[in-house]
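So the chains spell out like this:
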Amino acid sequence: MIDVLGWISLCTGVGFTVLGCLGLVRFPDLYNRMQAATKCVTLGTCGIMLGVFLKSGFGALGVKALLCALFVLITVPVAAHALARGSLIFGVKLWKDTVKDEFTDDRGGESIIEGPK
Amino acid sequence: MTILIVVLSLGAFFCLYRALQGPSIPDRAIAVDIMAVIFSSITALMAIEYKLAYLIDLSIALAVISFVGTLALAKYLEGRSLDD
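If you're wondering where the values come from, they're calculated on a predicted model, not measured in any experiment.

S.K.: Any chance you could break down the interface of chain B and chain A for me, citing the residues and the numbers?
M.R.: Listed per partner, the contact involves 40 residues of chain B and 41 residues of chain A. Where chain B abuts chain A, roughly 3,500 Å² becomes buried across the two surfaces, and 84% of that area is made up of carbon and sulfur atoms. The tally of links between chain B and chain A comes to three salt bridges. With its nearest N and O atoms 2.9 Å apart, the salt bridge here joins Arg33 of chain A to Asp27 of chain B. Elements with a minimum of two residues in the side of chain B that touches chain A: α1 (2-21), α2 (25-49) and α3 (55-78) of chain B. The dominant element in the side of chain B that touches chain A, judged by the number of residues it contributes, is α2 of chain B, at 16 residues. Counted by class, the side of chain B that touches chain A contains 29 nonpolar, six polar and five charged residues.

S.K.: Which residues make up the packing of aromatic side chains, and what are the values?
M.R.: Inspection of the entire model under this criterion finds two aromatic pairs over all chains. For the pair Phe53 of chain A and Phe58 of chain A, a centre-to-centre distance of 5.2 Å together with 85 degrees between the ring planes defines the contact as edge-to-face. Take Phe58 of chain A: its relative accessible area is 74%, and that puts it in the exposed class. When the ring of Phe71 of chain A is compared with that of Phe67 of chain B, the centres are 6.3 Å apart and the planes differ by 85 degrees; the resulting orientation is edge-to-face. Of the two residues, Phe71 of chain A sits in helix α3 (residues 60-90) while Phe67 of chain B sits in helix α3, which places them in two different chains. Relative accessible area serves as the criterion here: at 25%, Phe71 of chain A is assigned to the partly exposed category. By relative accessible area, Phe67 of chain B is classed as buried at 18%.

About the criteria used
- Within any chain, residue numbers begin from 1 and follow the written order of that chain's sequence.
- To read the labels, note that chains go from A and ligands from 1, taken in the order they are written.
- Only residues with pLDDT of at least 70 get local features here, since the model is predicted, and only at 80 or more are side-chain atom pairs given and counted; chain-wide, interface and lining totals rely on the full set of residues.
- With hydrogens and water excluded, all non-hydrogen atoms of the structure serve as input to the side-chain values.
- Contact between two residues is taken to exist if any of their heavy atoms lie within 4.5 Å; hydrogens are not considered.
- Defined here as a combined quantity, buried area equals the accessible surface (1.4 Å probe) lost by two parts on assembly, summed across both.
- Salt bridges are defined as contacts in which a side-chain nitrogen from Lys or Arg sits within 4 Å of a carboxyl oxygen from Asp or Glu.
- Strands are runs of DSSP state E lasting at least 2 residues, helices are runs of H or I lasting at least 4, and numbering of each runs from the N terminus.
- For this classification, Asp, Glu, Lys and Arg are treated as charged, while Ala, Val, Leu, Ile, Met, Phe, Trp, Tyr, Cys and Pro are nonpolar and the rest, including Gly, are polar.
- By convention, a stacked pair of Phe, Tyr or Trp rings (six-membered ring in the case of Trp) has centres within 6.5 Å and planes under 30 degrees apart, an edge-to-face pair has planes over 60 apart, and any other such pair is tilted.
- For the exposure calls, accessible area comes from a 1.4 Å probe over protein chains only, and a residue counts as buried if that area is under 20% of its type's maximum, exposed if over 50%, partly exposed in between.

Below, the structure written as structure tokens:
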């Protein structure tokens, strides 16, 4: 029973991860790509680590896998947020069909993007 | 299990395409970051496939190193120094 749950968790995690990577290839601009890849890969990696824990039990391997899942759950969105903010200040343009840019709205409507880079 | 590892490697190839093709620097950075997380997953799968429990330590180390590297690159793109 636990083994079947572990397999289900592993397969779900791998599916989410691969679909996130497909989004990294297919989406139109940097910010779309970043949110697709980051969210899907975070959930997928947590699923894979949970599957490793379920398949190996309460040993050194399983507990370290849970620790790794917790670490990935905290750090990958933080890293992507920092990189998105950094790239907006660096001057990467938004997609032409973007409907809402709250980062620019919060600064009183003036864009901080100077020119094409 | 082998099928899962092969499918994850396919995802890593997608990331490699974006890292080689990406029009801007943050594209390549996020692709390499995601690729490191995928390699961490592959390492965890290999740990239970080949019964090598120490491989999960490598998985944690990969996640830590990619996080620190991405944060450093993000601060560099913002135009700040590392002790800011």
